[in-house]
Amino acid sequence: MNNPHDALFRALLENPARAGTLLREQLPAAIANRLSDSPPRLLDGTFIDAALRHSQSDRLFEVTLRDGYPALLYVLLEHKSAPDPGTPLQLLGYMVQIWRRYAGKEAGKLRALPPIIPLVVYHGAARWDVATSVLDCIAADADILAGQREFRYHLRDLGPVPYEQRSADRAVRAVLGALCGVFERQVGAPMLERILRDLPDGDLLEQQVLLYIVRHYKTTEAAFRQALSNAKPGREEALQMTVAQEWIERGRIEGIRLGEARGESRGEARALAGSVVDILETRFGAVDVQVRERLARMDAQGLRPLIRRALMAPSVDALFEP
């Protein structure tokens, strides 16, 4: 996944039991109580426009209501840092796409479409202040509005909800806590420890949340290690090893940025050349003398883009390709 929030949210919803817990807890009680005890069934496909994939992720579930009828539950994770006023229109467009895909070329299905229950889960920094219905976005008088039906979604703004109240399930609560914390300037040690403590030991989700925190939180390795020690006594060394390479990569990138900000000298060029070699050897093994010599002859301006290439190139030879 290109978007880390998308990947983590999808990981949570891959498990039917956890998906069911999330849906029941985040939907209004009047609707959650209408769902049968059967776990939700994840359907294939995404309905998000290509231009919005960097800021949203989605999941579509089929659920059974207590009266036996099917319904579709569309879950949208809104991970912009601020609310998007276009959400009501976007959701309406997604619902139309879902119904079209459901009906296909069968005209009879268009006369008996299943209800779609949209749920937006928002973990941005600012409080959500966007209308929850297209009707609220229409500039018209009461008589005209009375003739239009509402398409209203249910919003669950996680920001104001205390950590412990976000879910009764510890794993669900930890993921929601991790998603909420990503937009904070600095997540305090107590909150970080609560998230880590709630993660299920040895579960793949534990590793995914650890990587998410290391890659995207504004925390130091020392603070992270201390939180691990307090939250997972006896397992902190093993868990630290699972993210050790991430800390190395993060430090290298931060060092590159610092070098770019300070400007280059010949000494800095040598340091950049050494960094390129280190990256190549980490990825591909020993680097030929000819490659080392070529890098040593280059100045800092020429070496700067090679740092990024070394992190992504499929081979050492590809490093110098135009």
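Residues numbered from 1 in each chain as written. Predicted model: local features only at pLDDT ≥ 70, side-chain atom pairs only at ≥ 80, totals over all residues. Heavy atoms only, no water.

Peer 1: Is there a simple way to think about the overall build of the chain in this case?
Peer 2: Helix and strand counts for the chain come out as 15 helices and five strands. Based on the C-alpha atoms only, the size of the chain along its principal axes is roughly 75 × 50 × 35 Å. When each of the 322 residues of the chain is scored for burial, the buried share is 42%. For the chain, the share of sequence-separated contacts (at least 6 apart) that also reach a separation of at least 24 residues comes to 65%. Accessible area for the chain stands at about 17,000 Å²; split by element, carbon and sulfur atoms hold 52% of it. Charged side chains of the chain number 42 positive and 42 negative; the gap between the two group centres comes to 1 Å. (Helix = DSSP H or I, 4+ residues; strand = E, 2+ residues; numbered from the N terminus. Buried < 20%, exposed > 50% of the residue type's maximum accessible area, 1.4 Å probe, protein only. Contact = heavy atoms within 4.5 Å. Areas by Shrake-Rupley, 256 points an atom, 1.4 Å probe, with all protein chains shown as cover. Lys, Arg positive; Asp, Glu negative; His and termini not counted. Charge placed at Lys NZ, Arg CZ, Asp CG, Glu CD.)

Peer 1: When you look at the side chain of S36 in this model, what are you seeing that I'm missing?
Peer 2: Within the fold, S36 resides in the loop between helix 3 (29–32) and strand 1 (41–43). Residue classification places S36 among the buried positions, given a relative accessible area of 12%. Apart from residues lying up to four places away in sequence, S36 is in contact with R24, T64, L65 and R66.

Peer 1: Sorry, what's going on with the sheet that holds strand 3 (residues 70–78) here?
Peer 2: The pairing of strands in a sheet happens through backbone hydrogen bonds and is either parallel or antiparallel. Strand order in the open sheet formed by five strands is 1-2-3-4-5, and the pairing between neighbours is mixed. Two strands close off the open sheet at either side, each with one partner strand: strand 1 and strand 5 (154–157). The average angle at which neighbouring strand axes cross in this sheet is 25°, direction not considered. Sheet analysis places strand 2 (residues 56–64) next to strand 3, joined by nine bridges and oriented antiparallel. Paired with R59 across the two strands is V75, which belongs to strand 3. (Pairing = 2+ DSSP bridges. Axes fitted to C-alpha atoms, helices over the stretch in contact; angles between N-to-C directions.)

Peer 1: Can you help me understand the packing of aromatic side chains in this one?
Peer 2: Describing an aromatic ring pair means giving the distance of the ring centres and the angle of the ring planes. If you walk through the whole model with that rule in mind, you get three aromatic pairs. Between the aromatic rings of Y122 and W128, the centroid separation amounts to 4.9 Å while the plane-to-plane angle is 65°, which identifies the pairing as edge-to-face. Judged by its relative accessible area of 0%, Y122 is buried. The ring of Y102 has K109 lying over it, and the distance from NZ or CZ to the ring centre is 5.0 Å. Over the face of the ring belonging to F320 we find R294, whose NZ or CZ atom lies 4.0 Å from the ring centre. (Phe/Tyr/Trp six-rings, centres within 6.5 Å; stacked < 30°, edge-to-face > 60°. Lys NZ or Arg CZ within 6 Å of the ring centre and 35° of its normal.)

Peer 1: How should I be thinking about the packing of helix 1 (residues 4–13) against helix 9 (residues 204–216) in this particular structure?
Peer 2: Each pair of packed helices can be summarised by the angle the axes make with each other and by the distance between the axes. For the pair helix 1 and helix 9, the least separation of the axes is 11 Å and the interaxial angle reads 165°. The angle between helix 1 and helix 9 places the two elements in the roughly antiparallel class. Of the two possible hands of crossing, helix 1 and helix 9 adopt the one that is left-handed. In this structure, helix 1 contributes P4, H5, L8, A11 and L12 to the contact, and helix 9 contributes L205, Q208, V209, Y212 and H216. Of the residues in the contact of helix 1 with helix 9, the class split is seven nonpolar, three polar and no charged. (Parallel < 35°, antiparallel > 145°, perpendicular 65-115°, else oblique. Left-handed = near helix turned anticlockwise from the far one by under 90°. Nonpolar A, V, L, I, M, F, W, Y, C, P; charged D, E, K, R; others polar.)

Peer 1: When you look at a nonpolar patch on the surface in this model, what are you seeing that I'm missing?
Peer 2: A contiguous nonpolar patch, built from Y102, L110 and L113 and spanning about 250 Å² of accessible area, is present on the exposed surface. Positionally, Y102 belongs in helix 4 (residues 87–103). Judged by relative accessible area, Y102 falls into the partly exposed class, the value being 31%. (Patch = residues over 30% accessible without salt bridge, like charges linked within 9 Å, V, L, I, M, F, W, Y side chains within 5 Å. Salt bridge = Lys/Arg side-chain N within 4 Å of Asp/Glu carboxyl O.)

Peer 1: Got a minute to help me understand helix 8 (residues 189–198) in this structure?
Peer 2: Three- or four-residue spacings in an α-helix give side chains the same orientation, since the helix completes a turn every 3.6 residues. For helix 8, every residue scored as buried is listed here: L192, E193, I195, L196 and D198. Looking at the buried side of helix 8, the elements it contacts are helix 7 (170–181), helix 9 and helix 10 (221–231).

Peer 1: Could you clarify how one ought to interpret the pairing of strand 3 in this entry?
Peer 2: Put simply, side chains in a regular strand alternate between the two faces of the sheet. With respect to burial, strand 3 is a largely interior element, eight of its nine residues being buried. Between the antiparallel neighbours strand 2 and strand 3 lie five residues, among them G68 with a positive phi of about 95°. Here strand 3 runs beside strand 4 (residues 116–122); their pairing, made up of seven bridges, is parallel. Residue E78 lies in a different strand from strand 4, and its bridge partner there is Y122.

Everything listed here is a matter of geometry and, on its own, says nothing about what the molecule does.
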